[in-house]
Amino acid sequence: MTTTAPPGTGPRTGPDTPRADGPRRTGRQRSPGSGLVFVLPFLLLFALFLVWPVVQGLWMSLTDSSLALRDTAFVGFDNYAEAFGDPDVWSSLGNTVFFTAVSSVPLVLVALAMALLVHIGIAGQWAWRLAFFAPYLLPVTVVTLIWSWLYQPDLGFANQLLEALGMEPVGWLADESVAMWSIAALTVWWTVGFNFLLYLAALQSLPTTFDEAAALDGAGAWRRLWSITLPQLRRTTALVAMLQILASLKVFDQIYILTKGGPDGSTRPVLEYVYDVGFTGYRLGYASAVSYLFFALIIIVSLVQLRLFRRED
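Definitions and cut-offs
- Residues numbered from 1 in each chain as written.
- Predicted model: local features only at pLDDT ≥ 70, side-chain atom pairs only at ≥ 80, totals over all residues.
- Heavy atoms only, no water.
- Helix = DSSP H or I, 4+ residues; strand = E, 2+ residues; numbered from the N terminus.
- Buried < 20%, exposed > 50% of the residue type's maximum accessible area, 1.4 Å probe, protein only.
- Areas by Shrake-Rupley, 256 points an atom, 1.4 Å probe, with all protein chains shown as cover.
- Salt bridge = Lys/Arg side-chain N within 4 Å of Asp/Glu carboxyl O.
- Axes fitted to C-alpha atoms, helices over the stretch in contact; angles between N-to-C directions.
- Parallel < 35°, antiparallel > 145°, perpendicular 65-115°, else oblique.
- Left-handed = near helix turned anticlockwise from the far one by under 90°.
- Contact = heavy atoms within 4.5 Å.
- Nonpolar A, V, L, I, M, F, W, Y, C, P; charged D, E, K, R; others polar.
- Expected span 1.5 Å × (residues − 1).
- Polar contact = N/O pair within 3.5 Å; in protein donor to acceptor, adjacent residues only side chain to side chain.
- Core = buried A, V, L, I, M, F, W, Y, C linked by side-chain atoms within 4.5 Å.
- Phe/Tyr/Trp six-rings, centres within 6.5 Å; stacked < 30°, edge-to-face > 60°.
- Lys NZ or Arg CZ within 6 Å of the ring centre and 35° of its normal.

**Structural notes on the overall build of the chain**
Turning to step 1, where the next piece is worked out: Broken down by element type, the chain carries 13 helices and zero strands.
Turning to step 2, where the next piece is worked out: Residues classed as buried in the chain amount to 34% of the 313 residues present.
Turning to step 3, where the next piece is worked out: When the accessible area of the chain is evaluated, it comes to approximately 20400 Å², of which 67% is carbon and sulfur surface.

Printed below as a string of structure tokens:
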């Protein structure tokens, strides 16, 4: 004989009743500051190596700090006013902008062409990928040493090739009209591999349905490239262009090692001028002011780029 329990006499369930499908919940809440223990080491290092140097450099730009003098006096915005009237600042800024223009465009277009060549499935893809990306792994000293040999006026491969073609040799690093172009060519060969990887990753993540549908409708390879593939790479192109412009604006290493800003200051960028003024001329305060003006310019360029890309989206 079976009996049934009357209504209301069965097992009760409530917030304190253990659940059959898991452990009992105690209802405890985490302390609001419990995560601070984990982020505190990063915050300390961030403040020590980034925030404090930025604040210290900003204060230094308002003084006449010098490596040759112990006493430092507050001069306000005199360093900034001098920088705006310094022709060397404007000439080095012009060199920086010119280098950015002549290097950023091929670094975007060449990287896209290289990624497309690998993506279409040509034979020996691993060899092409290695050849395109390997220069990016080389340190700047090795790259400049290789290209200084290539640019040698008498024994360099570049001038020997011109002579074999019946042309006059060129002073690749000694001619003011050619030196910056020579450094831009070096930079394209050296750093295009990073942009190549970004484009290749974007191409491999694109859906193939649109391209296959266009092929079934009779669209040729070039038509599919211009109407389907490139529009889908718009965001990647915007990212590559923004990163490349910012990287080119901060050029320093290869120019300093190859030409030290010569000939006659025709290749000296802003960062090298800051280095020369601060560590050769011992004027740390003035060098800090110039560097912060350049930092403000980079911030403005970044904001303009973000605004343009958002408007396109």
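Having seen it, we continue.
**What about the pattern of salt bridges?**
Turning to step 1, where the next piece is worked out: Summed over the entire model, instances satisfying the criterion amount to three salt bridges.
Turning to step 2, where the next piece is worked out: For the salt bridge of R268 with D88, the shortest nitrogen-to-oxygen distance reads 3.9 Å. Separated by 180 residues along the polypeptide, R268 in the loop between α11 (253–258) and α12 (270–280) and D88 in helix α3 (residues 87–119) bring together distant segments of the chain.
Turning to step 3, where the next piece is worked out: Note on R268: relative accessible area 18%, which makes it buried.
Turning to step 4, where the next piece is worked out: A residue is classified by how much of its surface remains accessible, and D88, at 34% relative accessible area, is partly exposed.
Turning to step 5, where the next piece is worked out: Each of D88, R268 and D276 takes part in a single network of salt bridges with overlapping partners.

**Some details on the packing of helix α5 (residues 140–150) against helix α7 (residues 179–204)**
Each pair of packed helices can be summarised by the angle the axes make with each other and by the distance between the axes.
Turning to step 1, where the next piece is worked out: At their nearest, the axes of α5 and α7 sit 11 Å apart, and the two run at 130 degrees to each other. Judged by the inter-axis angle, α5 sits oblique to α7. As for the relative orientation of α5 and α7, their crossing is right-handed in sense. Mapping the contact onto sequence places V140, V143, T144 and W147 in α5 and A185, L186, W189 and W190 in α7.
Turning to step 2, where the next piece is worked out: The class makeup of the residues in the contact of α5 with α7 is seven nonpolar, one polar and no charged.

**A short note on α3**
Turning to step 1, where the next piece is worked out: With 33 residues, α3 extends 48 Å between its outermost C-alpha atoms, agreeing within 8% with the 48 Å of an ideal straight helix rising 1.5 Å per residue.
Turning to step 2, where the next piece is worked out: Where α3 starts, the residue carrying a side-chain oxygen 3.0 Å from the main-chain nitrogen of D88 turns out to be D86.
Turning to step 3, where the next piece is worked out: Residue G121 follows α3 closely and has a positive phi angle near 90 degrees.

**Describing unusual backbone geometry**
Turning to step 1, where the next piece is worked out: A cis amide bond, omega -5 degrees, links G262 with the succeeding residue P263.
Turning to step 2, where the next piece is worked out: Mapping P263 onto the fold places it in the loop between α11 and α12.
Turning to step 3, where the next piece is worked out: In this structure, Y282 takes a positive phi of about 65 degrees despite not being glycine.
Turning to step 4, where the next piece is worked out: On the secondary structure map, Y282 appears in the loop between α12 and α13 (284–312).

**Things to note about the nonpolar core**
Turning to step 1, where the next piece is worked out: Grouped together as the largest cluster of nonpolar side chains are 20 residues, with contacts concentrated most on A115, F196, Y199, L203 and L233.
Turning to step 2, where the next piece is worked out: Only α3 and α7 provide two or more residues apiece to this core.
Turning to step 3, where the next piece is worked out: Tallying contributions element by element places α3 first for this core, with eight residues.
Turning to step 4, where the next piece is worked out: Among all residues touching F196, those that are not within four sequence positions of it are A111, M114, A115, V118, R129 and F132.
Turning to step 5, where the next piece is worked out: Among the nonpolar cores identified, the runner-up in size contains 18 residues, and V143, W147, W190 and V251 belong to it.

**What about the packing of aromatic side chains?**
Turning to step 1, where the next piece is worked out: Under the definition given, this model contains 15 aromatic pairs.
Turning to step 2, where the next piece is worked out: Considering the side-chain rings of W59 and F74, the 5.6 Å spacing of their centres and the 20 degrees angle between planes classify their relative orientation as stacked. Here the residue W59 occupies a position in helix α1 (residues 36–60), and F74 occupies one in the loop between α1 and α2 (78–84), the gap between them amounting to 15 residues.
Turning to step 3, where the next piece is worked out: Consider the rings of Y151 and W172, whose centres lie 5.7 Å apart with planes at 25 degrees: the pair is stacked. With a gap of 21 residues between them, Y151 in the loop between α5 and α6 (157–164) and W172 in the loop between α6 and α7 connect regions that are remote in the sequence.
Turning to step 4, where the next piece is worked out: For W172, a relative accessible area of 19% gives the class buried.
Turning to step 5, where the next piece is worked out: Among the aromatic residues, those joined into a ring-pair cluster are W147, Y151, W172 and W189.
Turning to step 6, where the next piece is worked out: A cation over an aromatic ring shows up here: K260 above the ring of Y256, its NZ or CZ 5.2 Å from the ring centre.
Turning to step 7, where the next piece is worked out: Here the guanidinium or amino end of R283 rests over the ring plane of Y286, the centre of that ring lying 4.5 Å away.

**Concerning the environment of P135**
Turning to step 1, where the next piece is worked out: Inspection of the secondary structure assignment puts P135 in the loop between α4 (125–133) and α5.
Turning to step 2, where the next piece is worked out: Sequence spacing of P135 and V192 is 57 residues, and the spatial spacing of their C-alpha atoms is 8.4 Å.
Turning to step 3, where the next piece is worked out: Residues contacting P135, with those up to four places away along its chain left out, are W189 and W190.

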